[in-house]
Amino acid sequence: METGRRNIKTDLINTLCALDCKIYKDELLSRRSSFKIGGAADYFMEIPNEKALREFLKYAQKNNTRYFLAGCATNVLFSDEGYRGVVIRLTGDFERLEIKDCEISCGGSVSLAVALKVALDNNLSGLECVSGIPGTAGAAVFGNAGGKDLWISRAVKSVEVYRGVKKKLINKEKIDFGYRKSGLEGCIITKVNFSLKKEERNDILKEVLESIQKRSEAQPLSVPNAGCIFKNPPGISAGKLIDEAGLKGVCRGAAKISEKHANFIINTGGAKSADVKELIAFIRKTVEDKFGIRLETEIKIV
Ligand SMILES: Cc1cc2nc3c(=O)[nH]c(=O)nc-3n(C[C@H](O)[C@H](O)[C@H](O)COP(=O)(O)OP(=O)(O)OC[C@H]3O[C@@H](n4cnc5c(N)ncnc54)[C@H](O)[C@@H]3O)c2cc1C
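Peer 1: Would you explain the site of the ligand in this entry?
Peer 2: Within the structure, the ligand sits among 32 residues, and Leu69, Gly71, Ala73, Thr74 and Gly146 are positioned closest to it. For the ligand, an oxygen atom lies 2.9 Å from a polar atom in the backbone of Asn75. Interatomic distance of 2.8 Å between a side-chain N/O atom of Thr136 and an oxygen atom of the ligand. Relative to its free-state accessible area of 980 Å², the ligand is covered by the protein chains to the extent of 93%. When residues of the shell around the ligand are traced back to their parent elements, those giving at least two are β3 (67-70), α4 (137-142) and β11 (188-195). With 4 residues, α4 is the largest single contributor of residues to the shell around the ligand. Within the shell around the ligand, the residues separate by chemical class into 18 nonpolar, 10 polar and 4 charged.

Written as structure tokens, this is what we have:
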């Protein structure tokens with residue numbers, strides 16, 4: 001891997017600043033992720049509108065600029081070495097939400113909690129499966145977030161995406177949704193159109209509150225983490241396998257397998273990505289040796 005700093009041209013910086021982008025040089029990614037882990041990115045850019053996004057993508061394509069799109073980084077493990085290139089985050093216009101009858105259109109960076117609240121306030125059902133899940137609408141659709149059996153894809157009507165500098169509207173039938181996948185690799189989801197159903201507010205609220213309650217009982221929400229580390233293998237819970245392998249509480253440096261939920265690794269204070277990676281490798285090996293099942297990571301290791 002190339003290790004040198006990647007500089008971007010002053011012209012692009014000036015253009016993007018004139019388009020209201022915020023650009024941070026050598027930004028610590030530990031400040032930008034729920035895991036609180038990660039060294040400095042050469043650049044961290046907040047891109048608030050499509051014009052700026054197009055300018056950035058045009059430049060990136062022409063100059064072969066390496067970039068990573070982050071939502072709220074609640075499902076990401078950034079490296080201790082940081083990121084050689086640009087981490088981008090959609091803000092501004094991409095945080096807008098519109099509602100018309102039973103449809104809610106969310107910019108790619110609308111928080112799931114906001115989308116769910118608006119749905120609830122308008123007696124619209126369909127997003128309950130993401131109750132209590134942190135992060136943005138775009139990332140949730142990208143990773144088809146949800147619970148064990150109900151995923152956000154059930155509520156998606158279409159998405160607007162950039163693939164390179166080209167913008168496209170993709171209807172749900174053309175999206176290859178599956179367990180924690182959408183097949184939208186290489187796309188930047190700038191808008192998600194949800195199609196929801198009218199229902200009794202109290203029924204929706206009951207489901208939302210029950211789900212949030214279950215999470216707070218089962219997950220280590222008061223300490224930095226990045227959600228489930230591994231995907232569930234077909235028909236089995238990864239957490240159960242890790243628990244049955246006797247791994248709860250195992251530590252590497254300041255990273256620890258949660259005592260509350262074995263599929264969570266928590267940062268007990270100052271954990272390094274190397275500690276987390278070591279734990280991941282150890283869990284994999286132990287579970288594979290014991291049960292013959294190879295676990296696949298759910299978090300994105302950058
Ligand atoms: C306490 C906790 C509980 C969680 N519980 C669940 C759960 O029950 N179910 C579940 O599915 N997840 C869960 N997660 C994981 C996480 O919240 C979801 O995966 C969420 O969708 C990630 O959103 P984000 O904005 O933080 O995305 P990020 O973590 O920033 O990014 C995740 C991936 O999405 C990509 N991405 C980000 N934005 C976009 C975009 N606009 N277009 C295309 N790609 C994009 C990124 O490049 C990256 O590959 C949990 C996380 C935590 C911390």
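Moving on from the coordinates now.
Peer 1: When you look at helix α7 (residues 273-291) in this model, what are you seeing that I'm missing?
Peer 2: Residues three or four positions apart in an α-helix share a direction because the helix packs 3.6 residues into each turn. Taking 1.5 Å per residue as the helical rise, α7 with its 19 residues ought to reach 27 Å, and the 26 Å between its terminal C-alpha atoms agrees with that figure. When we look at burial in α7, the residues that qualify are Ser273, Asp275, Val276, Leu279, Ile280, Ile283, Thr286 and Val287. Viewed end-on, α7 has its buried residues packed into an arc of 155°, placing them on one side of the element. Facing away from the buried side of α7, by more than 90 degrees, are the exposed residues Lys285 and Asp289. Buried residues along α7 sit in contact with β4 (76-77), α6 (238-244), β13 (251-252), β14 (255-257), β15 (265-267) and β16 (300-301). Positioned one or two residues after α7, Gly292 has a phi angle of 70°, which is positive.

Peer 1: Please explain the packing of helix α3 (residues 112-121) against helix α5 (residues 201-218) as it appears in this structure.
Peer 2: Any two packed helices are characterised by the angle at which their axes cross and by the distance between the axes. In contact at an axis separation of 9 Å, α3 and α5 are set at 150° when each is read in the N-to-C sense. Our classification of the angle between α3 and α5 gives roughly antiparallel. Here α3 contributes Leu116, Leu120 and Asp121 to the contact with α5, which in turn contributes Arg201, Ile204, Leu205 and Val208.

Rules and cut-offs
Residues numbered from 1 in each chain as written. Predicted model: local features only at pLDDT ≥ 70, side-chain atom pairs only at ≥ 80, totals over all residues. Heavy atoms only, no water. Near = heavy atom within 4 Å. Polar contact = N/O pair within 3.5 Å; in protein donor to acceptor, adjacent residues only side chain to side chain. Areas by Shrake-Rupley, 256 points an atom, 1.4 Å probe, with all protein chains shown as cover. Helix = DSSP H or I, 4+ residues; strand = E, 2+ residues; numbered from the N terminus. Nonpolar A, V, L, I, M, F, W, Y, C, P; charged D, E, K, R; others polar. Expected span 1.5 Å × (residues − 1). Buried < 20%, exposed > 50% of the residue type's maximum accessible area, 1.4 Å probe, protein only. Arc of directions from axis to C-beta. Contact = heavy atoms within 4.5 Å. Axes fitted to C-alpha atoms, helices over the stretch in contact; angles between N-to-C directions. Parallel < 35°, antiparallel > 145°, perpendicular 65-115°, else oblique.

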